[in-house]
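Structure at a glance
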Amino acid sequence: MRITVFRRMMAEEFGAVRAETLSRDYVLSGLGGRTVEQALAGGVSAKEVWQEVCAEFDVPPERR
């Protein structure tokens, strides 16, 4: 998954402003206690990050 696709999916799921805030501020234990931005910058794939976000926020399977 490309980062642009990841960002679009985040915006569609959470709204543009909330997606940006979650990416920057919310720490996910499944990403090693990092934020989305930190995980992406650290080389974690966008697909893996999306999976962790979906698990954390109970995104329905049909939107994962």
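Heads up: the structure comes first, above all this text.
Given the structure is predicted, the values throughout are model-derived calculations rather than measurements.

Turning our eyes to something else, we now look at the overall build of the protein chain. Scanning the protein chain from terminus to terminus reveals four helices and two strands. Each of the three principal axes of the protein chain carries a C-alpha extent, and together these read 25 × 20 × 20 Å. The buried share of the protein chain, reckoned over its 64 residues, is 31%. The distance from the centre of the 9 positive side-chain charges to the centre of the 10 negative ones in the protein chain is 5 Å.

This brings us to the packing of helix 1 (residues 3-14) against helix 4 (residues 46-56). Each pair of packed helices can be described by the angle between their axes along with the distance between the axes. In the contact formed by helix 1 and helix 4, the axes pass within 9 Å of each other and the chain directions differ by 15°. Classified by the interaxial angle, the pair formed by helix 1 and helix 4 is roughly parallel. Crossing angle aside, the handedness with which helix 1 passes helix 4 is right-handed. Facing helix 1, whose interface residues are Ile3, Phe6, Met9, Met10, Glu13 and Phe14, helix 4 presents Ala46, Val49, Trp50 and Val53. Its residues placed into classes, the contact of helix 1 with helix 4 shows nine nonpolar, no polar and one charged.

A word on the nonpolar core. Phe6, Met10, Phe14, Val36, Val49, Trp50 and Val53 are the most contacted members of the largest nonpolar core, which has 18 residues in total. If you list the elements that add at least two residues to this core, you get helix 1, helix 2 (16-25), helix 3 (36-41) and helix 4. With five residues, the single largest contributor to this core is helix 4.

What follows covers helix 4. For helix 4, the complete set of buried residues consists of Ala46, Val49, Trp50, Val53 and Cys54. Buried positions in helix 4, seen along its axis, are confined to an arc of 135° and lie on one side of it. One or two steps after helix 4, the chain reaches aspartate 58, where phi turns positive at roughly 50°.

Cut-offs applied
The written sequence of each chain sets the order in which its residues are numbered from 1. Owing to the predicted nature of the model, reporting of local features is limited to residues with pLDDT of at least 70; listing and counting of side-chain atom pairs is limited to 80 or more, with chain, interface and lining totals taken over all residues. Hydrogens and water molecules were not included; the side-chain quantities draw on all heavy atoms of the structure. Starting at the N terminus, helices and strands are each numbered in turn, a helix being any DSSP run of H or I of at least four residues and a strand any DSSP run of E of at least two. Burial classes follow relative accessibility: with a 1.4 Å probe on protein chains only, a residue under 20% of its type's maximum area counts as buried, one over 50% as exposed, and anything between as partly exposed. Counted as positive: Lys and Arg. Counted as negative: Asp and Glu, with His and the chain ends omitted from the count. By convention, charge coordinates are those of NZ in Lys, CZ in Arg, CG in Asp, or CD in Glu. In this analysis, axes come from line fits to C-alpha atoms, helices being fitted only over the stretch in contact, and the angle between any two N-to-C directions falls in the range 0 to 180 degrees. Throughout, the term roughly parallel applies to angles under 35 degrees, roughly antiparallel to angles over 145, roughly perpendicular to angles from 65 to 115, and oblique to all others. Handedness of a helix crossing follows the sense of rotation of the near helix relative to the far helix, less than a right angle counterclockwise being left-handed and clockwise being right-handed. Throughout, a residue-residue contact means that at least one pair of heavy atoms, one from each residue, lies within 4.5 Å. In this classification, the charged set is Asp, Glu, Lys and Arg, the nonpolar set is Ala, Val, Leu, Ile, Met, Phe, Trp, Tyr, Cys and Pro, and all remaining amino acids, among them Gly, are polar. By convention a nonpolar core is built from buried Ala, Val, Leu, Ile, Met, Phe, Trp, Tyr and Cys residues, the set being connected through side-chain atoms within 4.5 Å. Comment: arc refers to directions from the helix axis out to C-beta atoms.

Honestly, that's just the spatial picture; any functional story needs more than this.
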